[in-house]
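Reading the structure
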Amino acid sequence: MNAATTSALTITGQRVVLRRFDATDVTPTYLAWLNDPVVTRFSNQRFVRHDRDSCLRYLASFQGTQNLFLAIVRQDSGAMIGTMTAYRALPHGTADLGIMVGDRTVWGHGYGQDAWNALLEWMLRQDYVRKVTAGTLACNAAMLRLAERSGMHLEGVRRAQEIVEGEPVDMHLFARFRS
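The paragraphs below set out a description of the structure included in this document.

Reading the values: the criteria
Residues numbered from 1 in each chain as written. Predicted model: local features only at pLDDT ≥ 70, side-chain atom pairs only at ≥ 80, totals over all residues. Heavy atoms only, no water. Core = buried A, V, L, I, M, F, W, Y, C linked by side-chain atoms within 4.5 Å. Buried < 20%, exposed > 50% of the residue type's maximum accessible area, 1.4 Å probe, protein only. Helix = DSSP H or I, 4+ residues; strand = E, 2+ residues; numbered from the N terminus. Contact = heavy atoms within 4.5 Å. Pairing = 2+ DSSP bridges. Axes fitted to C-alpha atoms, helices over the stretch in contact; angles between N-to-C directions.

When a protein is soluble and globular, its nonpolar side chains tend to lie buried together. In terms of nonpolar packing, the biggest core is built from 33 residues, with Leu-18, Trp-116, Leu-119 and Met-123 touching the most fellow members. Of all the secondary structure elements, the ones that give two or more residues to this core are strand E2 (16–20), strand E3 (68–74), strand E4 (80–89), strand E5 (94–101), helix H3 (111–125), strand E6 (131–137) and helix H4 (141–149). Sorting elements by how many residues they give to this core places H3 first, with nine residues. If near-sequence neighbours (up to four positions away) are discounted, Leu-18 is found in contact with Leu-9, Thr-10, Ile-11, Leu-70, Ala-71, Ile-72, Met-84, Ala-115, Ala-118 and Leu-119. One finds Val-39, Cys-55, Phe-62 and Ala-71 within the second-largest nonpolar core, a separate group that totals 15 residues.

As summarised here, the arrangement of the eight strands in space is E1-E2-E3-E4-E5-E6-E8-E7, forming an open sheet in which the pairing is mixed. Since the sheet does not close on itself, it has two edges, and those belong to strand E1 (10–12) and strand E7 (153–164), each with one partner. Adjacent strand axes in the sheet meet at a mean angle of 25°, parallel and antiparallel pairs treated alike. Each of E1, E2, E3, E4, E5, E6 and strand E8 (167–177) touches H3; the most contacted strand, E5, lies at about 165° to it.

Nothing here speaks to function; it is geometry throughout.
What follows is the structure in structure tokens.
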């Protein structure tokens with residue numbers, strides 16, 4: 001599979017559409033999400049101050065790769081509410097997913113779960129993917145629930161892997177196989 005094959009990629013969930021993130025998505029709202037300490041509380045993005053240039057560099061890092069950077073868009077309003085990534089290791093048949101729901105007004109309303117389920121199921125239907133993985137901190141209750149509700153299983157724990165608010169926190173590693 002080459003990058004051109006997925007250039008017009010659209011994945012539809014029950015309430016959201018996932019589409020390629022592009023330069024027009026780097027808006028003041030998107031920058032505000034990336035710089036919001038509540039949104040990025042459990043992400044290593046909390047250590048970085050983002051601006052338009054840093055976002056465009058990140059977007060450019062996906063060019064010519066098998067990895068995906070997707071916008072999460074509400075079907076009912078067309079509003080972008082977050083982003084997802086899929087880092088694919090095609091020789092190994094794996095993909096590692098990440099999600100950021102930046103629009104805090106939709107937190108707890110199922111949009112993140114819908115986006116996650118849509119991308120996870122789409123990945124598992126690809127011939128080249130045998131396993132999908134994700135990691136989250138033990139203190140990120142919402143992400144733990146999202147992974148479990150999507151049928152992912154805890155594969156391992158990296159004890160005291162990261163520091164959050166001055167305290168060591170475990171990293172939980174989840175996976176789901178195609179079969």
